[in-house]
Amino acid sequence: MRWQGQELGVADAAALPGLERLNGLVRSVTTPDFADVTFHEVMCKSALNHVPGASAMPFDWTINPYRGCTHACAYCFARGTHEYLELDSGRDFDSQIIVKINVVDVLEKELRRGTWARDPVMLGTNTDPYQRAEGRYRLMPGIVSALTASGTPFSILTKGTLLRRDLPLLQEAAASVRVSVAMSIAVFDDALQKLIEPGTPSAAARLETVRAATEAGFRVTVFLMPILPHLTDSIPALDDALSRIRAAGAVRVVFGALHLRPGAKQWFMEWLRREHPELVSSYLGLYPGVSATAPKPYRTWLSKRVRPLLRVHGLDGRAEDDEPRGSTMPGLAARRPAFVTTSRGRAVEEATRLF
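A.B. asks: Would you mind going over the overall build of the chain with me for this structure?
C.D. replies: Helix and strand counts for the chain stand at 12 helices and 12 strands. Within the chain, the proportion of its 355 residues that are buried is 56%. For the chain, the proportion of contacts with a sequence separation of at least 24, taken over those separated by at least 6, is 77%. Accessible area of the chain: about 15200 Å², with a carbon and sulfur share of 53%.

A.B. asks: Got a minute to help me understand the pairing of strand β11 (residues 252-257) in this structure?
C.D. replies: Most of β11 is tucked away, with six of its six residues classed as buried. Alternating residues of β11 divide into Arg252, Val254 and Gly256 and Val253, Phe255 and Ala257, and every residue in both groups is buried. With five bridges joining them, strand β10 (residues 221-227) and β11 adopt parallel strand pairing. When the bridges of β11 are listed, Ile227 appears paired with Ala257. In this view, the connection linking β10 to its parallel neighbour β11 by way of helix α8 (residues 235-247) has right-handed handedness. Bridge count for β11 against strand β12 (residues 316-319) is four bridges, and the pairing is parallel. Its bridge partner being in β12, Val253 is matched across the sheet by Gly317.

A.B. asks: Got a minute to help me understand the sheet that holds strand β9 (residues 179-184) in this structure?
C.D. replies: Note: strands within a sheet are paired through backbone hydrogen bonds, in either parallel or antiparallel orientation. Taken together, eight strands build an open sheet; the order of strands is β3-β4-β7-β8-β9-β10-β11-β12 and the sheet is mixed. With one partner strand each, in any of the chains shown, β3 (48-50) and β12 form the two edges of the open sheet. Across the sheet, the mean angle separating the axes of adjacent strands is 25° when strand polarity is ignored. Pairing between strand β4 (residues 61-63) and strand β7 (residues 121-123): three bridges, direction parallel. Looking across to β7, one finds that Trp61 is bridged to Val121.

A.B. asks: Explanation requested: the pattern of salt bridges in the structure shown.
C.D. replies: Two side chains with opposite charge may pair up if their charged atoms get near one another. Tallied over the full model, the rule gives 10 salt bridges. Residues Arg165 and Asp166 are paired through a salt bridge, measuring 2.8 Å at the closest nitrogen-oxygen approach. Exposure remark for Arg165: the relative accessible area of 25% places this residue in the partly exposed category. Among the residues examined, Asp166 registers a relative accessible area of 4% and is labelled buried. In this structure, Asp240 engages Arg244 in a salt bridge whose closest nitrogen and oxygen atoms are separated by 3.9 Å. Here the residue Asp240 and the residue Arg244 both occupy positions in helix α8, the gap between them amounting to four residues, near one helical turn. The class for Asp240 is partly exposed, based on a relative accessible area of 35%. A relative accessible area of 26% places Arg244 in the partly exposed class. If you follow the salt bridges from partner to partner, you end up with Glu134, Arg165 and Asp166 in one network.

A.B. asks: Got a minute to help me understand the environment of His82 in this structure?
C.D. replies: One can find His82 in the loop between β5 (66-67) and α1 (91-95). Sequence separation between His82 and Gln96 is 14 residues, and the spatial gap between their C-alpha atoms is 9.0 Å. A distance of 2.8 Å separates the side chain of His82 from the backbone oxygen of Gln96, its partner in a polar contact.

A.B. asks: Just to check I follow, could you spell out the packing of α8 against helix α11 (residues 296-312) for this structure?
C.D. replies: Packed helix pairs are characterised by how far apart their axes lie and by the angle those axes make with each other. Put simply, α8 and α11 touch, their axes get as near as 10 Å, and they point 40° apart. In terms of their interaxial angle, α8 and α11 are classed as oblique. Of the two possible hands of crossing, α8 and α11 adopt the one that is right-handed. Residues Ile235, Leu238, Asp239 and Leu242 of α8 pack against Leu302, Arg305, Val306, Leu309 and Leu310 of α11. A class-by-class count of the residues in the contact of α8 with α11 yields seven nonpolar, no polar and two charged.

Rules of the game
- Residues numbered from 1 in each chain as written.
- Predicted model: local features only at pLDDT ≥ 70, side-chain atom pairs only at ≥ 80, totals over all residues.
- Heavy atoms only, no water.
- Helix = DSSP H or I, 4+ residues; strand = E, 2+ residues; numbered from the N terminus.
- Buried < 20%, exposed > 50% of the residue type's maximum accessible area, 1.4 Å probe, protein only.
- Contact = heavy atoms within 4.5 Å.
- Areas by Shrake-Rupley, 256 points an atom, 1.4 Å probe, with all protein chains shown as cover.
- Pairing = 2+ DSSP bridges.
- Right-handed = clockwise from strand over helix to strand, strands pointing away.
- Axes fitted to C-alpha atoms, helices over the stretch in contact; angles between N-to-C directions.
- Salt bridge = Lys/Arg side-chain N within 4 Å of Asp/Glu carboxyl O.
- Polar contact = N/O pair within 3.5 Å; in protein donor to acceptor, adjacent residues only side chain to side chain.
- Parallel < 35°, antiparallel > 145°, perpendicular 65-115°, else oblique.
- Left-handed = near helix turned anticlockwise from the far one by under 90°.
- Nonpolar A, V, L, I, M, F, W, Y, C, P; charged D, E, K, R; others polar.

And the structure:
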């Protein structure tokens with residue numbers, strides 16, 4: 001592996017933070033609690049990652065305490081980041097987890113710099129900060145405390161129900177800085193969820209976490225992403241998802257179609273051939289060659305399906321394509337928007353007509 005075979009004491013400027021030198025690797029750990037998973041504990045040199053201005057991402061700064069993710073989502077866009085380490089973007093991404101064990105100390109030093117402008121910071125943009133390993137390493141409380149003490153607003157996106165552990169700390173943080181909480185729930189069918197994202201908590205468990213965060217005072221956003229063509233994009237599936245999201249107390253939904261970036265695309269297509277071979281030709285038509293995004297006509301069609309259902313369920317919402325840079329910080333509020341009076345049946349009818 002490149003990050004184990006570098007010449008001692010020679011930095012590699014292209015390496016991921018924490019993996020620039022051989023002595024950055026502290027130890028590799030296995031435990032019976034995580035079958036077939038190895039945790040590589042590293043000493044990172046930076047915690048804050050600046051997003052290039054040309055990026056389509058709607059934020060400027062991120063923190064990623066982990067690399068790789070035991071959630072094992074077949075579609076995860078971050079899979080390609082493992083390939084630089086000479087680890088594959090498939091099984092290795094799910095089972096070879098990089099842990100930046102000193103990330104809190106490094107972050108505190110970076111936040112004390114006079115040049116730090118207290119720009120919003122996003123957590124959960126690459127791999128999940130509340131994946132199961134966080135229960136062992138407990139990096140997030142220190143990160144939250146450091147950001148709060150420095151007056152830095154921050155936003156968390158997760159699939160992990162472990163977020164509930166830190167809700168009291170997040171409430172304290174929200175008293176002095178702007179805090180945003182978002183839950184990612186892509187699949188509401190239990191059987192499909194266990195096949196395509198086997199390491200994640202169930203949709204029901206994540207909705208309970210949304211409810212807990214709402215009761216703690218947060219205006220929770222749910223990322224209904226990715227919507228999977230021919231698997232989760234039917235009107236009944238979308239209507240059920242939005243109904244359950246609203247019942248859990250969320251006030252905002254961001255939705256978008258599946259992305260298949262390099263690294264993720266091959267792994268997802270292998271999954272599709274194994275679990276849904278009848279859909280392979282359709283996906284090759286939607287994502288031909290090196291194409292990573294669904295075609296514009298499909299995304300437009302999907303928006304016309306989702307928007308009427310958002311209205312009927314009283315949810316603020318927008319397509320991923322509509323997200324302006326810096327829009328991921330909706331903050332806190334005690335008041336929820338009123339329900340729209342349109343009936344569910346009318347919304348379904350409208351979505352069907354628009355289709």
